[in-house]
Amino acid sequence: MSKKSSHKGALHEKDGVNAPNSLSKAAAEKLKKQRKKTVSVVDLVTGILAKSKTHLSRAITLVESTAPKHQEQAKAIIEACLPYANQSLRIGITGVPGVGKSTFIESFGKLLVRHGKQVAILAVDPSSSISKGSILGDKTRMEDLVKEPFVFIRPSASGDSLGGVARKTREAIILCEAAGYDHILIETVGVGQSETAVHSMTDFFLLLKLAGAGDELQGIKRGIMEMADAIVINKADGDNVKAAKLAKTEFNRALHLYPPKDSGWIPKTLTCSAMNDEGIDIVWELISNYLHLAKETGYFQKKRNEQNKYWLLQTIESSLKSDFYNNQNIQKALKNQLELLSENKTTPFEAANLLLNLSR
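Calculation criteria
- Residue positions are counted from 1 within each chain, in the order its sequence is given.
- With pLDDT at 70 or above as the cut-off, local features in this predicted model cover only qualifying residues; side-chain atom pairs require 80 or more to be listed or tallied, and sums for whole chains, interfaces and linings still use all residues.
- To obtain the side-chain values, all non-hydrogen atoms of the structure were used and water was disregarded.
- Secondary structure elements follow DSSP: runs of H or I of four or more residues count as helices, runs of E of two or more count as strands, with numbering from the N terminus.
- A simple rule labels every residue: compare its accessible area, found with a 1.4 Å probe on the protein chains alone, to the largest value its type can have, and call it buried under 20%, exposed over 50%, or partly exposed in between.
- Here, residues are in contact when the closest pair of their heavy atoms is within 4.5 Å.
- Surface accessibility in these figures is a Shrake-Rupley result with a 1.4 Å probe; residues are shielded only by whichever protein chains are displayed.
- Centres within 6.5 Å make a pair out of two Phe, Tyr or Trp rings, where for Trp the six-membered ring is used; the pair is then stacked when the planes are under 30 degrees apart, edge-to-face when over 60, and tilted otherwise.
- Charge over a ring is defined by NZ of Lys or CZ of Arg lying within 6 Å of the ring centre and within 35 degrees of the ring normal.
- For helices, the axis comes from a line fit to the C-alpha atoms of the stretch in contact; other axes are also lines fit to C-alpha atoms, and the angle between any two N-to-C directions lies between 0 and 180 degrees.
- Geometric relationships in this document are graded by angle, where less than 35 degrees denotes roughly parallel, more than 145 denotes roughly antiparallel, 65 to 115 denotes roughly perpendicular, and other angles denote oblique.
- By the definition used in this description, the sense in which the near helix is turned from the far one sets the handedness, with an anticlockwise turn below a right angle giving left-handed and a clockwise turn giving right-handed.
- We define a polar contact as two N or O atoms separated by no more than 3.5 Å, with the added condition that, inside protein, one atom must be a possible hydrogen donor and the other a possible acceptor, whereas residues neighbouring each other in sequence contribute only through side-chain atom pairs.
- Scored from 0 to 100, pLDDT reflects the predictor's confidence in each residue.
- Buried Ala, Val, Leu, Ile, Met, Phe, Trp, Tyr and Cys residues form a nonpolar core when they are joined through side-chain atoms within 4.5 Å.

Brief notes about the overall build of the protein
When helices and strands are counted, the protein shows 14 helices and 7 strands. A buried classification covers 41% of the 360 residues belonging to the protein. Taking all contacts inside the protein whose residues are at least 6 apart in sequence as the whole, residues at least 24 apart take part in 75%. As presented, the protein carries roughly 20800 Å² of accessible surface, and 55% of it is formed by carbon and sulfur atoms.

Side note on the packing of aromatic side chains
Applying the stated criterion to the full structure yields 6 aromatic pairs. Measuring from ring centre to ring centre gives 6.0 Å for phenylalanine 152 and tyrosine 181, while their planes differ by 35°; the resulting arrangement is tilted. Here the residue phenylalanine 152 occupies a position in strand S3 (residues 151–157), and tyrosine 181 occupies one in the loop between helix H7 (169–178) and strand S4 (183–187), the gap between them amounting to 29 residues. By way of ring pairs, the aromatic residues Phe104, Phe108 and Trp284 are connected into one cluster. A cation over an aromatic ring shows up here: lysine 268 above the ring of tryptophan 265, its NZ or CZ 4.7 Å from the ring centre. In this structure, lysine 295 packs its charged tip against the face of phenylalanine 300, placed 5.1 Å from the ring centre.

Comments concerning the packing of helix H2 (residues 41–49) against helix H4 (residues 68–81)
Where H2 contacts H4, the two axes come as close as 10 Å, and the packing angle between them is 40°. Our classification of the angle between H2 and H4 gives oblique. With respect to the hand of their crossing, H2 and H4 are arranged in right-handed fashion. Along its contact with H2, which presents Val41, Leu44, Val45 and Ile48, the element H4 presents Gln73, Ala76, Ile77, Ala80 and Cys81.

What to know about the side chain of threonine 269
Relative to the helices and strands, threonine 269 is located in strand S7 (residues 268–271). Look at threonine 269 and you get buried, because its relative accessible area is 3%. Side-chain polar atoms of threonine 269 contact the side chain of asparagine 252, separated by 3.1 Å. With near-sequence residues (within four places) excluded, threonine 269 lies in contact with Ile231, Ile233, Lys248, Phe251, Asn252 and Leu255.

Topic: the confidence of the model for the protein
Mean pLDDT over the protein works out to 82, with 77% of the residues at or above the 70 mark. Ranking the helices and strands of the protein by mean pLDDT puts helix H11 (residues 280–297) first, with 96, and helix H9 (residues 215–222) last, with 51. Confidence drops under a pLDDT of 50 for residues 1–6, and excluding neighbours within four residues, the segment shows 1 contact in the predicted structure. Across residues 127–137, where pLDDT falls below 50, the model places 17 contacts with residues more than four positions away in sequence or in other chains.

Quick word on the nonpolar core
Counting residues in each nonpolar core, the largest one holds 47 residues, and the members touching the most others are Ile77, Leu175 and Cys176. Looking at this core, the element that brings in the most residues is H7, giving 6 residues. When residues no more than four places from it in sequence are discounted, the contact partners of leucine 175 are Ile48, Leu56, Ala59, Ile60, Val63, Ile77, Ile78 and Cys81. Counting residues in each nonpolar core, the second largest holds 38 residues, with Phe104, Val113, Cys272 and Leu291 among its members.

Pasting the structure below:
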(Lines give C-alpha, C1' and ligand atoms only; values in the text may rest on other atoms or scores of the structure.)
Protein backbone atom coordinates (compact mmCIF):
# COMPACT_ATOMS: atom_id res chain seq x y z
CA MET A 1 0.00 0.00 0.00
CA SER A 2 1.34 3.41 -0.93
CA LYS A 3 1.93 6.15 1.63
CA LYS A 4 -0.64 8.34 -0.16
CA SER A 5 -3.50 5.84 0.07
CA SER A 6 -2.79 4.82 3.67
CA HIS A 7 -4.38 8.07 4.92
CA LYS A 8 -7.70 7.48 3.13
CA GLY A 9 -9.60 5.29 5.57
CA ALA A 10 -13.35 5.19 6.02
CA LEU A 11 -13.18 7.75 8.80
CA HIS A 12 -10.78 10.08 7.03
CA GLU A 13 -12.03 13.66 6.61
CA LYS A 14 -10.67 16.37 4.39
CA ASP A 15 -9.56 19.57 6.03
CA GLY A 16 -12.31 22.18 5.98
CA VAL A 17 -11.97 25.76 4.85
CA ASN A 18 -11.36 28.14 7.74
CA ALA A 19 -13.60 31.19 7.71
CA PRO A 20 -11.78 34.54 8.03
CA ASN A 21 -11.85 35.71 11.64
CA SER A 22 -12.76 39.28 10.67
CA LEU A 23 -15.86 38.11 8.75
CA SER A 24 -17.22 35.87 11.52
CA LYS A 25 -16.71 38.55 14.16
CA ALA A 26 -18.44 41.18 12.04
CA ALA A 27 -21.36 38.85 11.40
CA ALA A 28 -21.60 38.03 15.11
CA GLU A 29 -21.61 41.72 16.04
CA LYS A 30 -24.28 42.46 13.45
CA LEU A 31 -26.45 39.62 14.75
CA LYS A 32 -25.92 40.81 18.32
CA LYS A 33 -27.06 44.31 17.43
CA GLN A 34 -30.14 42.99 15.64
CA ARG A 35 -31.11 40.97 18.70
CA LYS A 36 -30.65 43.94 21.00
CA LYS A 37 -32.58 46.28 18.74
CA THR A 38 -35.89 47.22 20.30
CA VAL A 39 -38.94 48.41 18.42
CA SER A 40 -40.66 51.51 19.74
CA VAL A 41 -44.29 51.60 20.84
CA VAL A 42 -45.16 53.82 17.86
CA ASP A 43 -43.53 51.36 15.45
CA LEU A 44 -45.38 48.43 17.00
CA VAL A 45 -48.76 50.17 16.82
CA THR A 46 -48.10 51.26 13.23
CA GLY A 47 -47.13 47.69 12.34
CA ILE A 48 -50.22 46.22 14.01
CA LEU A 49 -52.54 48.58 12.13
CA ALA A 50 -50.69 47.63 8.93
CA LYS A 51 -51.54 43.97 9.68
CA SER A 52 -47.95 42.90 10.37
CA LYS A 53 -47.92 39.53 12.13
CA THR A 54 -44.38 40.18 13.37
CA HIS A 55 -45.33 43.42 15.10
CA LEU A 56 -48.50 41.84 16.48
CA SER A 57 -46.49 38.93 17.94
CA ARG A 58 -43.98 41.30 19.53
CA ALA A 59 -46.76 43.38 21.06
CA ILE A 60 -48.46 40.30 22.54
CA THR A 61 -45.10 39.22 23.98
CA LEU A 62 -44.88 42.59 25.75
CA VAL A 63 -48.47 42.17 26.98
CA GLU A 64 -47.67 38.75 28.44
CA SER A 65 -44.46 39.93 30.13
CA THR A 66 -44.48 40.62 33.86
CA ALA A 67 -41.55 43.06 33.67
CA PRO A 68 -42.69 46.56 34.78
CA LYS A 69 -40.99 48.20 31.77
CA HIS A 70 -42.80 45.87 29.36
CA GLN A 71 -46.10 46.40 31.14
CA GLU A 72 -45.81 50.16 30.63
CA GLN A 73 -45.11 49.64 26.93
CA ALA A 74 -47.98 47.17 26.62
CA LYS A 75 -50.36 49.62 28.28
CA ALA A 76 -49.44 52.33 25.77
CA ILE A 77 -49.89 49.93 22.84
CA ILE A 78 -53.31 48.77 24.06
CA GLU A 79 -54.53 52.35 24.56
CA ALA A 80 -53.42 53.24 21.03
CA CYS A 81 -55.14 50.18 19.55
CA LEU A 82 -58.43 50.47 21.47
CA PRO A 83 -60.12 52.80 18.94
CA TYR A 84 -59.58 50.15 16.26
CA ALA A 85 -60.81 47.20 18.33
CA ASN A 86 -64.22 45.61 19.10
CA GLN A 87 -65.01 44.89 15.44
CA SER A 88 -64.96 41.12 15.60
CA LEU A 89 -66.81 37.98 16.61
CA ARG A 90 -65.19 36.30 19.63
CA ILE A 91 -65.76 32.56 19.80
CA GLY A 92 -64.69 30.48 22.80
CA ILE A 93 -63.98 26.81 22.15
CA THR A 94 -63.54 24.35 25.00
CA GLY A 95 -63.60 20.65 25.71
CA VAL A 96 -61.67 18.02 27.62
CA PRO A 97 -58.13 17.16 26.44
CA GLY A 98 -58.31 14.70 23.55
CA VAL A 99 -61.67 15.89 22.24
CA GLY A 100 -59.99 17.26 19.11
CA LYS A 101 -60.03 21.00 19.73
CA SER A 102 -56.98 21.75 17.58
CA THR A 103 -58.24 19.60 14.70
CA PHE A 104 -61.67 21.22 14.91
CA ILE A 105 -60.20 24.73 15.00
CA GLU A 106 -58.04 24.03 11.97
CA SER A 107 -61.02 22.72 9.98
CA PHE A 108 -63.28 25.54 11.20
CA GLY A 109 -60.59 28.16 10.56
CA LYS A 110 -60.10 27.01 6.97
CA LEU A 111 -63.86 27.28 6.42
CA LEU A 112 -63.85 30.87 7.72
CA VAL A 113 -60.97 31.74 5.41
CA ARG A 114 -62.94 30.38 2.45
CA HIS A 115 -65.74 32.76 3.48
CA GLY A 116 -63.29 35.66 3.27
CA LYS A 117 -62.76 36.01 7.04
CA GLN A 118 -59.51 36.97 8.76
CA VAL A 119 -58.96 34.66 11.70
CA ALA A 120 -56.88 35.01 14.86
CA ILE A 121 -56.50 31.98 17.11
CA LEU A 122 -55.43 32.45 20.70
CA ALA A 123 -54.64 28.97 21.95
CA VAL A 124 -53.81 28.59 25.62
CA ASP A 125 -51.58 25.61 26.42
CA PRO A 126 -51.51 24.19 29.94
CA SER A 127 -48.36 24.92 31.91
CA SER A 128 -46.70 22.33 34.08
CA SER A 129 -47.31 23.01 37.76
CA ILE A 130 -43.81 21.64 38.45
CA SER A 131 -41.52 22.92 35.69
CA LYS A 132 -43.79 25.84 34.68
CA GLY A 133 -43.07 24.84 31.08
CA SER A 134 -45.53 24.51 28.20
CA ILE A 135 -45.33 22.68 24.88
CA LEU A 136 -47.05 25.41 22.81
CA GLY A 137 -47.68 22.93 20.02
CA ASP A 138 -50.78 24.40 18.38
CA LYS A 139 -48.88 25.73 15.36
CA THR A 140 -47.57 22.21 14.80
CA ARG A 141 -51.01 20.64 15.13
CA MET A 142 -52.60 23.21 12.76
CA GLU A 143 -50.06 22.65 10.00
CA ASP A 144 -52.37 23.65 7.12
CA LEU A 145 -54.03 26.62 8.78
CA VAL A 146 -50.73 28.18 9.85
CA LYS A 147 -49.82 28.62 6.17
CA GLU A 148 -52.84 30.81 5.46
CA PRO A 149 -51.87 34.50 4.97
CA PHE A 150 -55.03 35.80 6.70
CA VAL A 151 -54.66 33.60 9.79
CA PHE A 152 -52.72 34.41 12.95
CA ILE A 153 -52.06 31.67 15.50
CA ARG A 154 -50.69 32.57 18.90
CA PRO A 155 -50.07 29.78 21.43
CA SER A 156 -49.56 31.05 24.96
CA ALA A 157 -48.66 29.33 28.21
CA SER A 158 -51.44 29.38 30.78
CA GLY A 159 -49.08 30.06 33.66
CA ASP A 160 -50.79 30.31 37.05
CA SER A 161 -53.86 32.18 35.82
CA LEU A 162 -57.43 31.12 36.46
CA GLY A 163 -58.16 27.71 35.01
CA GLY A 164 -55.43 27.93 32.41
CA VAL A 165 -56.61 31.07 30.65
CA ALA A 166 -53.60 33.26 29.86
CA ARG A 167 -53.38 36.30 32.10
CA LYS A 168 -53.42 38.74 29.21
CA THR A 169 -55.76 37.02 26.74
CA ARG A 170 -58.20 39.94 26.78
CA GLU A 171 -55.46 42.40 25.79
CA ALA A 172 -54.33 40.04 23.02
CA ILE A 173 -57.91 40.07 21.68
CA ILE A 174 -57.81 43.87 21.42
CA LEU A 175 -54.50 43.79 19.53
CA CYS A 176 -55.75 41.12 17.12
CA GLU A 177 -58.89 43.15 16.42
CA ALA A 178 -56.79 46.26 15.77
CA ALA A 179 -54.76 44.20 13.29
CA GLY A 180 -57.95 43.56 11.30
CA TYR A 181 -58.83 40.03 12.42
CA ASP A 182 -62.62 39.89 12.38
CA HIS A 183 -63.00 36.43 13.92
CA ILE A 184 -61.14 35.60 17.14
CA LEU A 185 -61.11 31.96 18.25
CA ILE A 186 -60.05 31.37 21.86
CA GLU A 187 -59.17 27.79 22.70
CA THR A 188 -59.06 26.79 26.36
CA VAL A 189 -57.05 24.01 27.91
CA GLY A 190 -60.28 22.26 28.85
CA VAL A 191 -59.48 21.82 32.52
CA GLY A 192 -60.38 23.52 35.77
CA GLN A 193 -62.34 26.76 35.58
CA SER A 194 -61.00 27.89 32.20
CA GLU A 195 -64.48 27.53 30.70
CA THR A 196 -65.89 30.17 33.06
CA ALA A 197 -63.16 32.66 32.21
CA VAL A 198 -63.45 32.17 28.45
CA HIS A 199 -67.23 32.35 28.61
CA SER A 200 -66.84 35.78 30.22
CA MET A 201 -64.76 37.16 27.35
CA THR A 202 -66.48 35.73 24.26
CA ASP A 203 -69.67 36.30 22.24
CA PHE A 204 -70.32 32.63 21.46
CA PHE A 205 -69.31 29.68 23.59
CA LEU A 206 -68.84 26.32 21.86
CA LEU A 207 -68.48 23.10 23.82
CA LEU A 208 -66.87 20.10 22.11
CA LYS A 209 -67.79 16.64 23.34
CA LEU A 210 -67.01 13.02 22.57
CA ALA A 211 -69.54 10.23 22.18
CA GLY A 212 -69.40 7.22 24.45
CA ALA A 213 -66.81 8.73 26.79
CA GLY A 214 -69.10 9.04 29.80
CA ASP A 215 -69.33 12.73 29.00
CA GLU A 216 -73.11 12.95 28.99
CA LEU A 217 -73.72 12.84 32.74
CA GLN A 218 -70.35 14.41 33.53
CA GLY A 219 -71.21 17.41 31.40
CA ILE A 220 -74.54 17.87 33.15
CA LYS A 221 -72.99 17.43 36.59
CA ARG A 222 -70.28 20.01 36.02
CA GLY A 223 -72.81 22.59 34.86
CA ILE A 224 -70.72 23.57 31.86
CA MET A 225 -73.66 22.89 29.55
CA GLU A 226 -75.50 25.80 31.11
CA MET A 227 -72.88 28.15 29.65
CA ALA A 228 -72.72 26.56 26.20
CA ASP A 229 -74.42 28.24 23.24
CA ALA A 230 -73.89 25.06 21.24
CA ILE A 231 -72.58 21.55 21.79
CA VAL A 232 -70.71 19.75 19.03
CA ILE A 233 -70.05 16.02 19.17
CA ASN A 234 -66.70 15.65 17.43
CA LYS A 235 -65.15 12.54 15.85
CA ALA A 236 -68.53 11.46 14.42
CA ASP A 237 -66.95 9.21 11.80
CA GLY A 238 -66.40 5.53 11.05
CA ASP A 239 -67.77 3.20 13.69
CA ASN A 240 -68.47 6.17 15.97
CA VAL A 241 -71.30 7.67 13.88
CA LYS A 242 -74.06 5.72 15.65
CA ALA A 243 -72.72 6.60 19.11
CA ALA A 244 -72.44 10.28 18.09
CA LYS A 245 -76.08 10.40 16.99
CA LEU A 246 -77.16 8.80 20.28
CA ALA A 247 -75.06 11.32 22.26
CA LYS A 248 -76.61 14.16 20.25
CA THR A 249 -80.09 13.04 21.31
CA GLU A 250 -79.03 12.73 24.97
CA PHE A 251 -77.44 16.19 25.06
CA ASN A 252 -80.44 17.80 23.38
CA ARG A 253 -82.67 16.31 26.06
CA ALA A 254 -80.35 17.59 28.78
CA LEU A 255 -80.35 21.12 27.33
CA HIS A 256 -84.11 21.34 27.88
CA LEU A 257 -83.52 20.96 31.62
CA TYR A 258 -81.90 24.38 31.84
CA PRO A 259 -83.77 27.69 32.01
CA PRO A 260 -83.97 29.70 28.75
CA LYS A 261 -81.09 32.06 28.03
CA ASP A 262 -81.49 35.84 28.33
CA SER A 263 -80.71 36.15 24.63
CA GLY A 264 -83.72 34.02 23.67
CA TRP A 265 -81.31 31.61 21.97
CA ILE A 266 -82.03 27.88 22.28
CA PRO A 267 -78.74 25.92 22.36
CA LYS A 268 -78.50 22.97 19.99
CA THR A 269 -76.32 19.89 19.65
CA LEU A 270 -74.61 19.03 16.36
CA THR A 271 -72.25 16.32 15.22
CA CYS A 272 -69.14 16.69 13.07
CA SER A 273 -65.93 15.05 12.00
CA ALA A 274 -63.20 17.68 12.07
CA MET A 275 -60.72 15.12 10.70
CA ASN A 276 -62.85 14.62 7.57
CA ASP A 277 -64.17 18.22 7.36
CA GLU A 278 -67.74 16.94 7.76
CA GLY A 279 -70.44 19.01 9.47
CA ILE A 280 -68.20 22.06 9.99
CA ASP A 281 -70.30 24.19 7.63
CA ILE A 282 -73.41 23.40 9.69
CA VAL A 283 -71.62 24.57 12.85
CA TRP A 284 -70.78 27.87 11.13
CA GLU A 285 -74.38 28.25 9.96
CA LEU A 286 -75.57 27.77 13.55
CA ILE A 287 -73.16 30.43 14.85
CA SER A 288 -74.28 32.83 12.11
CA ASN A 289 -77.92 32.33 13.14
CA TYR A 290 -77.02 33.06 16.76
CA LEU A 291 -75.15 36.23 15.76
CA HIS A 292 -78.13 37.47 13.74
CA LEU A 293 -80.51 36.86 16.66
CA ALA A 294 -78.17 38.42 19.26
CA LYS A 295 -77.68 41.60 17.24
CA GLU A 296 -81.36 41.87 16.38
CA THR A 297 -82.43 41.68 20.03
CA GLY A 298 -79.62 43.89 21.32
CA TYR A 299 -78.18 41.05 23.39
CA PHE A 300 -74.86 41.16 21.51
CA GLN A 301 -74.07 44.64 22.84
CA LYS A 302 -75.35 43.68 26.30
CA LYS A 303 -72.92 40.76 26.35
CA ARG A 304 -70.08 43.05 25.27
CA ASN A 305 -70.90 45.37 28.16
CA GLU A 306 -70.71 42.38 30.52
CA GLN A 307 -67.33 41.47 29.04
CA ASN A 308 -66.05 44.99 29.72
CA LYS A 309 -67.19 44.78 33.35
CA TYR A 310 -65.45 41.43 33.74
CA TRP A 311 -62.27 42.81 32.19
CA LEU A 312 -62.38 45.83 34.50
CA LEU A 313 -62.53 43.65 37.62
CA GLN A 314 -59.86 41.28 36.31
CA THR A 315 -57.55 44.20 35.50
CA ILE A 316 -57.94 45.58 39.02
CA GLU A 317 -57.17 42.17 40.54
CA SER A 318 -54.16 41.69 38.26
CA SER A 319 -52.82 45.15 39.03
CA LEU A 320 -53.22 44.70 42.80
CA LYS A 321 -51.46 41.34 42.65
CA SER A 322 -48.62 42.75 40.57
CA ASP A 323 -48.12 45.76 42.85
CA PHE A 324 -48.16 43.52 45.90
CA TYR A 325 -45.46 41.12 44.71
CA ASN A 326 -43.28 43.86 43.17
CA ASN A 327 -43.17 45.77 46.44
CA GLN A 328 -39.61 45.47 47.82
CA ASN A 329 -40.77 45.51 51.45
CA ILE A 330 -43.22 42.72 50.68
CA GLN A 331 -40.52 40.70 48.92
CA LYS A 332 -38.23 40.87 51.96
CA ALA A 333 -41.03 40.13 54.42
CA LEU A 334 -42.33 37.27 52.27
CA LYS A 335 -38.91 35.64 52.24
CA ASN A 336 -38.73 35.94 56.01
CA GLN A 337 -42.24 34.57 56.52
CA LEU A 338 -41.52 31.59 54.27
CA GLU A 339 -38.48 30.76 56.40
CA LEU A 340 -40.54 31.04 59.59
CA LEU A 341 -43.23 28.87 58.02
CA SER A 342 -40.71 26.15 57.18
CA GLU A 343 -39.54 26.24 60.80
CA ASN A 344 -43.13 25.99 62.09
CA LYS A 345 -42.78 29.36 63.83
CA THR A 346 -45.86 30.81 62.12
CA THR A 347 -48.95 29.69 60.24
CA PRO A 348 -49.97 30.47 56.62
CA PHE A 349 -52.85 32.60 57.91
CA GLU A 350 -50.70 34.63 60.32
CA ALA A 351 -48.07 35.16 57.64
CA ALA A 352 -50.67 36.25 55.09
CA ASN A 353 -52.26 38.73 57.50
CA LEU A 354 -48.86 40.22 58.35
CA LEU A 355 -47.97 40.67 54.66
CA LEU A 356 -51.38 42.14 53.79
CA ASN A 357 -51.20 44.60 56.67
CA LEU A 358 -47.71 45.57 55.55
CA SER A 359 -49.01 46.43 52.08
CA ARG A 360 -51.69 48.82 53.39
